[in-house]
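Spelled out from the first residue to the last, the chains are:
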Amino acid sequence: MSISIAQRERAYRAYNEFFDLAERKRRWHPFNDVPWEKMDKDKNSEEVAICLETFCGVELYVPDYTANGFNLTRNIFGHAWFQANWGYEESKHGLVFREYLIQSGLRTLEQYYAFEDKIFGQVWNLPFHTRRQMTCYGALQESATYLIYQAQKEKARREGAELLEKIFFFISRDEAAHHGFYRKVLQLEMEDDREGTISDLSHVVANFQMPGVGLIPEYDERLKVAGVGISSDHFLQQGVFPLLKVLGTDRRELIASLQKSRIAAAAQRADGEPAEETAELAPARA
Amino acid sequence: MNDAEIKTLIGEAVAFADPRLVGKPLSENDTIAELGITSIAVLEIVGYLEDKLGVRFPDDELAQLNTIGGLSNLIRGHDLASQPAQKA
């Protein structure tokens, strides 16, 4: 998809805003700013281990996320440089989860490396194939991840687990910032092509799955542990609806767009043309 | 609306949103998840009901739609709200 100089400039400014704020207010050091001395092993459990291991596993795909992201955005400064920063920040998340698992003794090195081997034995591929659709996906996925980490932070606070509370404070704040960037870009996309952007968003919402689906070992079993995932209700109410509101649209317009795409795809099939990718309905789980 | 009318309307809405479920008998206790109805299909069901009833349900009322009974309650709630108050 070609992109005009004006669009590139607006993406650059959105990135600058993100980067400026990150440099001034959001940078944190995984060893110096995280109070590792407050590790309280008595507050750990296998449930905590499964949560952290699952989050770590998702973050360990950062090489695939960034490689794919760069391929999609490499000719647009604002988007490509965001990918670089995003990858750096997500890499810290994986590092901190790994450190916690090992330092706490929740996993031995051998167990951790066995898990890492399973993760690196699979490859994450783009769930959607245009930059705008991946921006929609990014906005939704970062929102879901923020909600999951925010819930973990609150849980840690309630249980007096200071170290975990601080870790999830830093990480959820990063995820909120990432969501903010994608949301800003989507607002710009709406200004350029409202109908097309809503069509892409409806397609992504209809096919949305978290990145760990199909990649993290025993993912469905892990989701049974409280806090690993997020319910579809919660995701709709706290993730999807607020995004629609910010973009100046609503669920009715989203659904109308999805139904229009289906009708167009059906007409194409009836004419014997290869139908464009149609929305398959994803499981009711974020 | 009586219970039978509500049940019929919900059956239509579910079949509209998810053709796999055309003709499937639905009970109030059936969960959305067990029926394999996706989040986006829930929004389509609600949109269908809104069009048929000529109303708009607030987004926050959709949070509890975990079962077919939840959909019935959504309609009943609207029905009650739209009826004029009875004098004692």
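Scoring rules and cut-offs
Residues numbered from 1 in each chain as written. Chains lettered and ligands numbered in written order. Predicted model: local features only at pLDDT ≥ 70, side-chain atom pairs only at ≥ 80, totals over all residues. Helix = DSSP H or I, 4+ residues; strand = E, 2+ residues; numbered from the N terminus. Rg over C-alpha atoms; globule rule 2.2 N^0.38 Å. Buried ≥ 20, exposed ≤ 12 C-beta atoms within 10 Å, placed from the backbone. Contact = placed C-beta atoms within 7 Å. Core = buried A, V, L, I, M, F, W, Y, C linked by C-beta atoms within 7 Å. Expected span 1.5 Å × (residues − 1). Axes fitted to C-alpha atoms, helices over the stretch in contact; angles between N-to-C directions. Left-handed = near helix turned anticlockwise from the far one by under 90°. Nonpolar A, V, L, I, M, F, W, Y, C, P; charged D, E, K, R; others polar. pLDDT = per-residue confidence, 0-100.

Here's the deal with the overall build of chain A
Argument step 1. A tally of regular secondary structure across chain A gives 11 helices and zero strands.
Argument step 2. Ordered by position from N to C terminus, the α and β elements of chain A give α-α-α-α-α-α-α-α-α-α-α.
Argument step 3. Here the C-alpha atoms of chain A give a radius of gyration of 20 Å, agreeing with the 19 Å that 2.2 N^0.38 yields for 286 residues.
Argument step 4. Projected onto its principal axes, the C-alpha coordinates of chain A cover approximately 65 × 40 × 35 Å.
Argument step 5. Across the 286 residues of chain A, 38% fall into the buried class.
Argument step 6. Within chain A, residue pairs in contact and separated by at least 24 positions form 81% of the contacts whose partners lie at least 6 positions apart.

So, the nonpolar core
Argument step 1. Ranked by size, the top nonpolar core spans 85 residues in total, and within it Leu52, Leu140, Ile167 and Val205 of chain A together with Val42 and Ile45 of chain B carry the most contacts.
Argument step 2. At 11 residues, the largest contribution of residues to this core is made by helix H6 (residues 131-159) of chain A.
Argument step 3. Those residues within four positions of isoleucine 167 of chain A in sequence are excluded, and the remaining contacts are Val34, Val96 and Tyr100 of chain A.

Quick word on the environment of glutamine 237 of chain A
All names here are of chain A.
Argument step 1. Along the polypeptide, glutamine 237 turns up in helix H10 (residues 232-246).
Argument step 2. Given 16 C-beta atoms within a 10 Å radius, glutamine 237 is considered partly exposed.
Argument step 3. Between the C-alpha atoms of glutamine 237 and glycine 87, which are 150 residues apart in sequence, the distance is 28 Å.

Describing helix H8 (residues 194-206) of chain A
Argument step 1. Here H8 of chain A contains 13 residues, and its C-alpha end-to-end distance of 18 Å stays within 8% of the 18 Å for a straight helix at 1.5 Å per residue.
Argument step 2. Judged by how many residues are buried, H8 of chain A sits mostly within the fold: 10 of 13 residues are covered.
Argument step 3. Turning to H8 of chain A, its buried residues are Thr197, Ile198, Ser199, Asp200, Leu201, Ser202, His203, Val204, Val205 and Ala206 of chain A.
Argument step 4. Buried positions along H8 of chain A lie against H6, helix H7 (162-192), H10 and helix H11 (251-270) of chain A together with helix H2 (39-53) of chain B.

Focus: the packing of helix H2 (residues 46-59) of chain A against helix H4 (residues 77-103) of chain A
All names here are of chain A.
Argument step 1. Between H2 and H4, the least distance of the axes is 8 Å, while the angle of their chain directions is 145°. In this structure, H2 meets H4 at a crossing whose hand is left-handed. Counting all contacts with H2, which are made through Ala49, Leu52, Glu53, Phe55, Cys56 and Glu59, the residues of H4 involved are Glu90, His93, Gly94, Phe97, Arg98, Tyr100 and Leu101.
Argument step 2. Looking at the contact of H2 with H4, its residues break down into seven nonpolar, two polar and four charged.

Overview of the environment of isoleucine 37 of chain B
Argument step 1. Among the secondary structure elements, isoleucine 37 of chain B is positioned in the loop between helix H1 (3-17) and H2.
Argument step 2. Each C-alpha atom, one on isoleucine 37 of chain B and one on arginine 20 of chain B, is 9.5 Å from the other, the two residues being 17 residues apart in sequence.

Here we look at H2 of chain B
Residues and elements named next belong to chain B.
Argument step 1. In this model H2 runs 21 Å from its N-terminal to its C-terminal C-alpha over 15 residues, within 8% of the 21 Å that 1.5 Å per residue would give.
Argument step 2. For H2, the full list of buried residues reads Ser39, Ile40, Ala41, Val42, Leu43, Glu44, Ile45, Val46, Gly47 and Leu49.
Argument step 3. Glycine 54, located one to two residues past H2, shows a positive phi value of around 65°.

Some remarks on the interface of chain A and chain B
Argument step 1. Taken together, the contacts link 15 residues of chain A with 14 residues of chain B.
Argument step 2. Counting residues per element, the ones that place at least two in the side of chain A that touches chain B are H8, H10 and H11 of chain A.
Argument step 3. Broken down by element, the residue count for the side of chain A that touches chain B peaks at five residues, all from H10 of chain A.
Argument step 4. In terms of residue class, the side of chain A that touches chain B is built from 10 nonpolar, two polar and three charged.

Quick word on the confidence of the model for chain A
Argument step 1. Model confidence for chain A is summarised by a mean pLDDT of 92, while 95% of its residues fall at 70 or above.
Argument step 2. Predicted confidence for residues 277-286 of chain A stays below pLDDT 50, and this span has 34 contacts to residues more than four positions away or in other chains.

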